[in-house]
Structure formats: structure tokens, C-alpha cells
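Structural characterization, general
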Amino acid sequence: MGNLNMNMCFLIVHIEGLYCFHYTPSRSLIRRSLGWYQFDIQAEYQRFGVPNQYWSLTNLNKDYELCDTYPKYLYAPSGASSAVIIGSSKFRSKGRFPVLSYLHSNGAALCRCSQPLSGFSARCLEDEQLMASILQANPRTRFMYVVDTRPRINAMANRAAGKGYENEAHYSDIKFMFFGIENIHVMRSSLNKLSETCELKDPSINTFLNGLQSCGWLRHIKAILDTSHWVATSMEEGFTVLVHCSDGWDRTAQVCAIAALLLDPFYRTIHGFQALIEKEWLAFGHKFTDRCGFLQTSDSKEISPVFGQFLDCIWQLTRQFPTAFQFSEKYLIMMHDYLYSCQYGTFIGNCEKDRVDLRVSERTYSLWGFVSANINDFLNPFYLNDKENQILRPDLSPSNIQFWRGLYCRFDSGIESVEPVNDIALSLQDQTASLQDHVKFLKKRIISLAGMLGSKKEEGIVPEQNGVSSSVMRLSKLTVKEDTKKLDVDSVFHSECDPFSKSQLETELNSVAVTWKNIGETTECPSCQTPFSQSVTK
């Protein structure tokens, strides 16, 4: 399962040979431009009030010269000069200096960067000044947190290579925290072991559970969620948090994205989740091409399921908060599948600059365009945008971290396909909406019929008072002629003054669906009676 996903593109040598550069939809309903321009990083920062007196837009990276893996538009503390920012960039791995990722309504900032090139004793005054400016941008607190997502031993090992982590003696008013999210190599090995467990033929319960435990996958998911929850809680309490790992494009992306989603309900909508991915993953340079192994030339040691883990973490949250997300599990699985299929250009490249150079918005279709054209397929019928779901506080006890069978074991042989509850609920919603439309249609036709019958009698039609019931009452009054015989309704329909023929009225009435079948029970198209082909896993 996992090995297949991460290597399905292994025959492609050059990036322009990927499927997205040759794909053309069978339907002309999806325009090539659809989805490419619906996200604007500046508009997203404006949504949470930036720029303001504390945070400003810097154009130092407009040509990707300061940091080629960062977006061109970056937000830094207003108190930091250009010289300070440039100096800090030189002191951070890959030039990824501290920048604003998200701003909470209480003024607490979520910032991200890479590890400092500190080694055992090196320091940089500009980097220290930039950190002080970040703290001053939140006047409500006297200190800020610096979160290193790596295990302490890993960070200490990097010091021997001239990298490492911040020395609290050099950075005033910071509190340094280590968390234990493992590196990409451990995660790759974990997914391979999980795949082997899921692909076992007729495993016993002990074999499967032992395999699930030994792969450590759920433990890694919990570590990511624990770190993200801690960051979100600290920000909710008013503290600014700076997050980094080694280079700031894997674990940092996971933690920043999930923490922002816990705090901001906008990111739990379909379009908001896309904006979150565009900002934290695409704009800030997660290496999708390398991590997903799109090319035969990809270094196998660079492949790792970092984004897949993020989707798994989101699925865990949807299980705990079933009404807090506008999208369903199908949306997450779809995103996982299209990530590896390379059918759309959204995830192609290792950074924003790569996608600009490849002109993917001109030469490929966007996954977000596909979502927009099929948005009803991914809706969560239980979604409630209420105040109770403004900030999510998950229970991350071990018993609440679940195995995502819907993704990892969805092709198990011998298991009959069962229509998901969400799909059934969506079907019922559609049926309800259709019946409501039918009621509105009948109301209009009853009023029209009452008017026509009234024209045959010299009795005025009073304004509608009680919807359908009053219309029916008026009809009952108009069914008796002066000679006490019933009015011939057919003669009314064939009258020259009638704007609707009887056959037309019957056709229009029949055009509204009042009968409904469950999707799983539908065997043919209701319009043309063409039978549906059904594939059954054996």
C-alpha cells in the first residue's frame, strides 16, 4: 500500500514527464485556470489582521534570492530592519529565518523557521535581535516559547555538524522546549512496516495487532498531535510560539498547520483547508517531489510520508469532532490519492519557486478546480459551524488514537463494500432538498390552478394566507357550479385562456424527484435506463 503509493511514478526521469503535464479532463466542464487563483497568501494574512503595527510585509524575498524555498511574500516583525532579517537568514539552515505563520486574535503569533547554525558556541546578533522583535510584537507577554519538534538527542547530534538549537543564554526571554517527533527516515520505515502488516494474507488478530504496535505508526501520529496541541494551547493562553525542526519544511509544517487548524475554524472548511495547505505546505516549501518520490532520480532516503501523516492527524481530529469539519473522510482520501497520482499540478515541485519556474498554473490542472467542480461529494453532512467548535481541544490519550482503516485497508479482499454513513446522510439531505423543491413547485401550481378555476367563475381569489392549505381551501370552494354540478377540470385545462396545458403540467410535476433510492441500491440510470457496472472485490 504505502510502498506502491510512494513509488508509482518511479519510471519518470524528468519532472515534465509527470502525468499532470499531459492530462486533459474527459469533460470540458473544468477550465484549466479553475482553482489556480482562488488562494492569495496576502489575502490570507489580511484575514487575521496582517499587516498591522506589529507585523509587516517584507519584499526581501520577492525574487526568491534571500531564501529560494520560502514564498516571495513574507511577514516579519515591524521592528526588524532589513539588515537584521538578512543577517538572521545567513544564520539559519537553508536561509529559512523566523517569519510569521499565523496570528491569533489575542495577539499571540505562530512563527516558523529552520534550526540555527549554532554548533556548540556560535551566535548571531541579528538572529537574536529578530527573535527579540518577534517577542516585542506581542506586548501582552514577557517571554515566548521556542519549540524544537525533534527529540533532544537528534538536536544535540546536529550541533556536531555545526547546526543545533538556540542557546537560552544568548536569547533573552525565551523558553525552549523539545518534543519527540522522529525524522523522515524513522517515519519511512514505520510506514513500510505498516504496509507489510496491512498486506498480510489472513493474519490472526495477534499478528495484526503486534504488527501495528511494532511499526510505531500510531505512536508517531500521537507525537505530532501532542506537539500541535501544546502549541495551540500556548497560543490560546496568549504566548507567541516559534516552531522549527531541522530545515523547517517537514515536522514544522505538520505542527504549524495542525495548531492553526485547532485554533481557527476557517481551516476546517473545504476552502479553508486548501488555504492552509497552500500556505503551510506549498508556499513554505515542503518538498513534495522528493518526499513522495515522484521521479526515478529521487533519492530513496528523501522519501517519507510526511504529508500523509498530516492527513492522518486531521482524520483523527474528525473522529473526535464529527461536526467541526465541513469536509468528510472522502476528501482526505481523495487528496492522498491525487497527491501520488500526479494527475494535477498542485503538489508538483519542492517549493513555490519550482512551480513558478515550471509554470504549473498555465500547463496543468489544479486539484482545487476538481474539488470545486465536485464539492458536494466531499461535504460532511453533520457539519455545524457553531461557537462550541471555535477552538478544538482534543483528548489525545492513547485509546483515542485510532488506526485509519478507511485509508490503509480499504482494498481488503473478502470485505463487502458498505456505503459510508456520511454518503447515506448526504443522500438523505439531497432527497430532503428535492422534496422541499417539490413542495414549492406544488404550491405555485395550486395557486395557478386556483386562478384558472377562478376565471371560470366570477369569484375573486383572495391572497394566500396559509400556504398550501389555503390554496386547497380555495380550490374546494371553486369546484361547485351554480347548478351544483362539479366543474369539469379537463375543460379548464383545454380552455383558450389557460396558459398551461394539462400535459405540460403533468410533465412538470413528474420532473421533480419524489422517489429516492439509496446509492448502493441503484442499478441503472433513472433517465436512460443504462445499467451501472459494479466492480466487486474478490
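Up top is the structure.
To keep things clear, this report deals only with the structure shown in the data block. A quick note: this is a predicted structure, and the numbers were derived from the prediction, not measured.

**Things to note about the environment of Asp354**
As for its position among the elements, Asp354 is in helix H14 (residues 352-358). When the C-alpha positions of Asp354 and Thr69 are compared, they lie 8.7 Å apart, and in sequence the two are 285 residues distant.

**Quick word on the pattern of salt bridges**
Overall, the coordinates contain 18 salt bridges when judged by the stated rule. We note a salt bridge from Arg47 to Asp264, for which the minimum N-O separation is 2.8 Å. Taken as a pair, Arg47 in helix H2 (residues 41-47) and Asp264 in the loop between helix H9 (251-263) and helix H10 (270-283) lie far apart in primary sequence, 217 residues in all. Residue class for Asp264 comes out buried when judged on its relative accessible area of 7%. Across the pair Arg291 and Asp250 runs a salt bridge, and its minimum N-O distance is 2.7 Å. With a gap of 41 residues between them, Arg291 in helix H11 (residues 288-292) and Asp250 in the loop between strand E7 (241-244) and H9 connect regions that are remote in the sequence. One exposure class covers both Arg291 and Asp250, and it is buried. Residues joined in a network through salt bridges with shared partners are Asp250, Lys287, Asp290, Arg291 and Glu302.

**What to know about the layout of surface pockets**
Summary: where empty space remains is shown by rolling a probe the size of a single water molecule over the atoms. In this structure, the second largest pocket encloses a volume near 670 Å³. Elements represented by at least two residues in the lining of the second largest pocket include exactly H2, H10, H14 and helix H15 (360-363). The class makeup of the residues in the lining of the second largest pocket is 11 nonpolar, three polar and seven charged.

**Side note on the packing of H9 against H10**
Look at H9 against H10: their axes get within 10 Å of each other, and the N-to-C directions meet at 150 degrees. For the pair H9 and H10, the crossing hand works out as right-handed. Contacts from Ala253, Gln254, Cys256, Ala257, Ala260 and Leu261 of H9 reach H10 at Phe273, Leu276, Glu280 and Trp281. Looking at the contact of H9 with H10 residue by residue, the class counts come to eight nonpolar, one polar and one charged.

**Notes on the packing of aromatic side chains**
Evaluated as defined, the whole model comprises 41 aromatic pairs. Judged by centre distance (5.4 Å) and plane angle (10 degrees), the rings of Trp315 and Trp404 are stacked. Remark: Trp404 occurs in the loop between helix H16 (367-373) and helix H17 (405-408) and Trp315 occurs in helix H12 (residues 306-320); sequence separation between them is 89 residues. Between Tyr338 and Phe370, the aromatic rings sit 5.2 Å apart at their centres with planes inclined by 65 degrees, giving edge-to-face as the arrangement. Here Tyr338, found in helix H13 (residues 329-341), pairs with Phe370, found in helix H16; they are 32 residues apart in sequence, far enough to count as distant. Taking the relative accessible area as the measure of exposure, Phe370 reaches 14% and is therefore buried. Across from the ring centre of Tyr267, 5.1 Å away, lies the NZ or CZ of Arg47, which sits over that ring. The aromatic ring of Phe143 is capped on one face by Lys175, whose charged end is 4.1 Å from the ring centroid.

Conventions and cut-offs
Residues numbered from 1 in each chain as written. Predicted model: local features only at pLDDT ≥ 70, side-chain atom pairs only at ≥ 80, totals over all residues. Heavy atoms only, no water. Helix = DSSP H or I, 4+ residues; strand = E, 2+ residues; numbered from the N terminus. Salt bridge = Lys/Arg side-chain N within 4 Å of Asp/Glu carboxyl O. Buried < 20%, exposed > 50% of the residue type's maximum accessible area, 1.4 Å probe, protein only. 1 Å grid on protein atoms, 1.4 Å probe; cavity = no way out; pocket = protein on both sides within 12 Å on 5 of 7 lines; lining within 4 Å. Points joined across faces, edges and corners; volume = space filled by probe spheres on them. Nonpolar A, V, L, I, M, F, W, Y, C, P; charged D, E, K, R; others polar. Axes fitted to C-alpha atoms, helices over the stretch in contact; angles between N-to-C directions. Left-handed = near helix turned anticlockwise from the far one by under 90°. Contact = heavy atoms within 4.5 Å. Phe/Tyr/Trp six-rings, centres within 6.5 Å; stacked < 30°, edge-to-face > 60°. Lys NZ or Arg CZ within 6 Å of the ring centre and 35° of its normal.

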